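# Structural overview
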Amino acid sequence: MKINFKITVFLLLFMVSAIGCEKKEEVEEVEEQVNEESLTLKSAFADDFFIGSAVNDNHINGKDTLALQLIGKEFNTLTPENIMKWMNIHPEENTFNYDMSDQYVALGEKNNMHIVGHTLVWHSQLAPYINTISDSATMADNLKSHINTIVGKYKGRIHSWDVVNEALNEDGTLRESIFLKVMGNDYINYAFQLAALADPAAELNYNDYNLWKPEKRAGVVQLVKDLQAKGTKIDGVGMQAHWSLEGPSIEDIENSILAYSDLGVKVMFTELDVTVLPNPWDLNGAAVEQNYDKFEGDPTMNPYPNTLPDSIQNKLAKRYEDIFNLFLKHKDKISRVTFWGVHDGQSWLNDWPIKGRTNHPLLFDRKLNPKKAYQQIIGLKKQN
Ligand code: G3I
């Protein structure tokens, strides 16, 4: 009897603890689900790198309220897509337009974000008066006025500057920009020195596209080494990352991450997007310099004008998964990943290289819904 009693008590205790365990597991499962569902890009990658987006006029002036909500929820760093380019912020020698840039910085501050300035010295979207300068001293004075004034104005508020943008040719030699023609090689060093003087605490970066290419990579390595040899401050290399479903290869990107990080500078992916559309040079191997107007309205160049078929959606998700797997592998070297636009409807790739197409290169679709690529990237963090 005594033994039977003991067995009964033991069995009861066992059942209670089993039910308890099941409950605990259930609670843990629900907790995990809630955590997973509440993950956003910025919370998922909080321990890895800043994650952000380029913003346009309608984000900055507050008109696009839906996109603004998404920006605040998903991102912790911003880059201005166009409003801080020379032609917009400093259109004439003695005219500075701070209306949009003030609103831009206020938007970043309101959301407690890492705020990027794009871009101080670039051959494109320049104010016309710069193209009329033909002597070195005048060009130096103008660089000084531009950089001192703008970096000085936002000292301590813009945290990171693209100081020089796209100064290299595809073979790694220096591009024949108006700055190079008039001032020679030293304009790059001069620009970095001016920026460092104007805000010693700001992060100063060189930014360019196709930096996965071995020849261009060698050019960047030389450029950074030259600055370092002169004792000039350079903190990072921004790889723009305008990529496609097919390329560049993960290996080429990785080799550049390693090469830049070996120089002791941070690596950033500053303008990430992945085109899903055919481009003219895929068709005929033609040089990029050709005029693409003749392809406007050609349906073969715009195969997904309504929705993106599942097969391509899946390819895009896989491509982003591969890219982010690489970023996570090198998170100790990468400080920021910024998408070039908030959602597909706002991407510059709808109008370049052929106007009026429907591209789908980002993580959010035209209705601002997260795409499979978004889930896939967040999924990498859930696995961890
Ligand atoms: O603001 C005018 C508007 O008034 C006019 O009605 C309209 C007519 O086309 O043009 C508007 O300006 C356009 C501007 O974007 C703002 O939307 C320009 O034509 C257009 O050329 C300009 O394109 C920008 C491009 O830089 C200029 O080179 C893209 O939005 C911007 O995404 C792109 O960004 C660059 C980065 O700064 C550097 N890296 C490459 C990247 C992609 O080209």
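Now for a description of the structure that goes with this document. (Residues numbered from 1 in each chain as written. Predicted model: local features only at pLDDT ≥ 70, side-chain atom pairs only at ≥ 80, totals over all residues. Heavy atoms only, no water.)

Regarding its fold elements, the protein chain presents 14 helices and 9 strands. With 384 residues in all, the protein chain has 52% of them scored as buried. Contacts spanning at least 24 positions in sequence make up 78% of the contacts within the protein chain whose residues lie at least 6 apart. As displayed, the protein chain has an accessible area near 18100 Å², and 52% of this comes from carbon and sulfur atoms. (Helix = DSSP H or I, 4+ residues; strand = E, 2+ residues; numbered from the N terminus. Buried < 20%, exposed > 50% of the residue type's maximum accessible area, 1.4 Å probe, protein only. Contact = heavy atoms within 4.5 Å. Areas by Shrake-Rupley, 256 points an atom, 1.4 Å probe, with all protein chains shown as cover.)

Let us now look at the site of the ligand. As a matter of local geometry, the ligand sits amid 14 residues, with Glu-81, Asn-82, Lys-85, His-118 and Glu-271 nearest to it. In the model, an oxygen atom of the ligand is placed 2.7 Å from a nitrogen or oxygen of the His-118 side chain. Side-chain polar atom of Glu-166 to a nitrogen atom of the ligand: 2.9 Å apart, as the coordinates give it. Residue classes in the shell around the ligand are distributed as 3 nonpolar, 7 polar and 4 charged. (Near = heavy atom within 4 Å. Polar contact = N/O pair within 3.5 Å; in protein donor to acceptor, adjacent residues only side chain to side chain. Nonpolar A, V, L, I, M, F, W, Y, C, P; charged D, E, K, R; others polar.)

Another aspect to go through is the packing of helix α7 (residues 136-153) against helix α9 (residues 186-198). The interhelical angle for the contact between α7 and α9, taken along N-to-C directions, is 30°, at an axis separation of 9 Å. Looking at the two axes, α7 sits roughly parallel to α9. The interaxial crossing formed by α7 with α9 has right-handed handedness. Facing α7, whose interface residues are Ala-140, Leu-143, Lys-144, Ile-147, Asn-148, Val-151 and Gly-152, α9 presents Tyr-187, Tyr-190, Ala-191, Leu-194, Ala-195 and Ala-198. Partitioning the contact of α7 with α9 into residue classes produces 10 nonpolar, 2 polar and 1 charged. (Axes fitted to C-alpha atoms, helices over the stretch in contact; angles between N-to-C directions. Parallel < 35°, antiparallel > 145°, perpendicular 65-115°, else oblique. Left-handed = near helix turned anticlockwise from the far one by under 90°.)

So, on to the nonpolar core. Grouped together as the largest cluster of nonpolar side chains are 109 residues, with contacts concentrated most on Phe-269 and Phe-324. Broken down by element, this core gets its largest block of residues, 9 residues, from helix α13 (residues 310-329). Aside from chain neighbours lying at most four places away, what touches Phe-269 is Met-239, Ala-241, Trp-243, Ile-253, Ile-257, Phe-327, Ile-334, Arg-336, Val-337 and Thr-338. (Core = buried A, V, L, I, M, F, W, Y, C linked by side-chain atoms within 4.5 Å.)

Take the layout of surface pockets next. Roughly 1300 Å³ of volume is contained in the largest pocket. Taken together, 44 residues make up the lining of the largest pocket; nearest its centre are Tyr-209, His-242, Trp-281, Trp-348 and Trp-352. Every element with two or more residues in the lining of the largest pocket is listed here: β7 (242-244), β8 (266-275), α12 (280-284) and α13. Its residues placed into classes, the lining of the largest pocket shows 19 nonpolar, 12 polar and 13 charged. (1 Å grid on protein atoms, 1.4 Å probe; cavity = no way out; pocket = protein on both sides within 12 Å on 5 of 7 lines; lining within 4 Å. Points joined across faces, edges and corners; volume = space filled by probe spheres on them.)

The next subject is the environment of Ala-44. Tracing the sequence through the fold places Ala-44 in helix α2 (residues 41-44). Along the chain, Ala-44 and Glu-74 lie 30 residues apart, while their C-alpha atoms are 9.5 Å from each other. Leaving out residues up to four positions away in the same chain, Ala-44 has contacts with Leu-39, Ile-378 and Lys-381.

Looking at where Thr-119 falls in the secondary structure, it is placed in strand β3 (residues 114-121). At 3.0 Å, the side chain of Thr-119 forms a polar contact with the backbone oxygen of Asp-162. Non-local contacts of Thr-119, meaning those with residues more than four positions away in its chain, are made with Met-84, Lys-85, Asp-162, Val-163, Val-164 and Asn-165.

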